[in-house]
Amino acid sequence: MKNGTCPKCGSKSVHHEQNGIYIPKMIGGAFVRTDTANMGSNTDDYICVDCGYIERYLDDKDKLKAIAKAWKQAGT
Ligand SMILES: [Zn+2]
């Protein structure tokens, strides 16, 4: 997705925006539930304008570490 190609439909019509999707709308970034203070984290958002697929990356190293402790690992 970051290379500009949609992994779902193969389209090259991928658009990118820092904090492009707001959750909630009034405050930028995303709120991820962990044990630490729940501050908004910046996100790096990619959307394919052909099929609508959204890919989003948390741009917050401390929050990613907290998630690794607080969330169950997938596939285990
Ligand atoms: Zn697509």
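As the structure is a prediction and not an experimental result, all values here were calculated from the model.

Procedures and definitions
- Residues numbered from 1 in each chain as written.
- Predicted model: local features only at pLDDT ≥ 70, side-chain atom pairs only at ≥ 80, totals over all residues.
- Pairing = 2+ DSSP bridges.
- Helix = DSSP H or I, 4+ residues; strand = E, 2+ residues; numbered from the N terminus.
- Axes fitted to C-alpha atoms, helices over the stretch in contact; angles between N-to-C directions.
- Buried ≥ 20, exposed ≤ 12 C-beta atoms within 10 Å, placed from the backbone.

Q: Go over the sheet that holds strand S2 (residues 43-48) with me, naming the residues and quoting the values.
A: Strand order in this open sheet of three strands is S1-S2-S3, and the pairing throughout is antiparallel. The open sheet has two free edges, formed respectively by strand S1 (14-18) and strand S3 (54-58), since each of these has just one partner strand. Ignoring strand direction, the axes of neighbouring strands in this sheet form an average angle of 15 degrees. In the sheet, S2 pairs with S3 via five bridges, with the strands oriented antiparallel. Bridging across to S3, Asp-45 finds its partner in Arg-56.

Q: Would you mind going over the environment of Lys-65 in detail, with residue names and values included?
A: With respect to the helices, strands and loops of the structure, Lys-65 is situated in helix H1 (residues 61-70). On the basis of neighbour counts, which here come to 12 C-beta atoms within 10 Å, the residue Lys-65 falls in the exposed class. Between the C-alpha atoms of Lys-65 and Thr-34, which are 31 residues apart in sequence, the distance is 9.9 Å.

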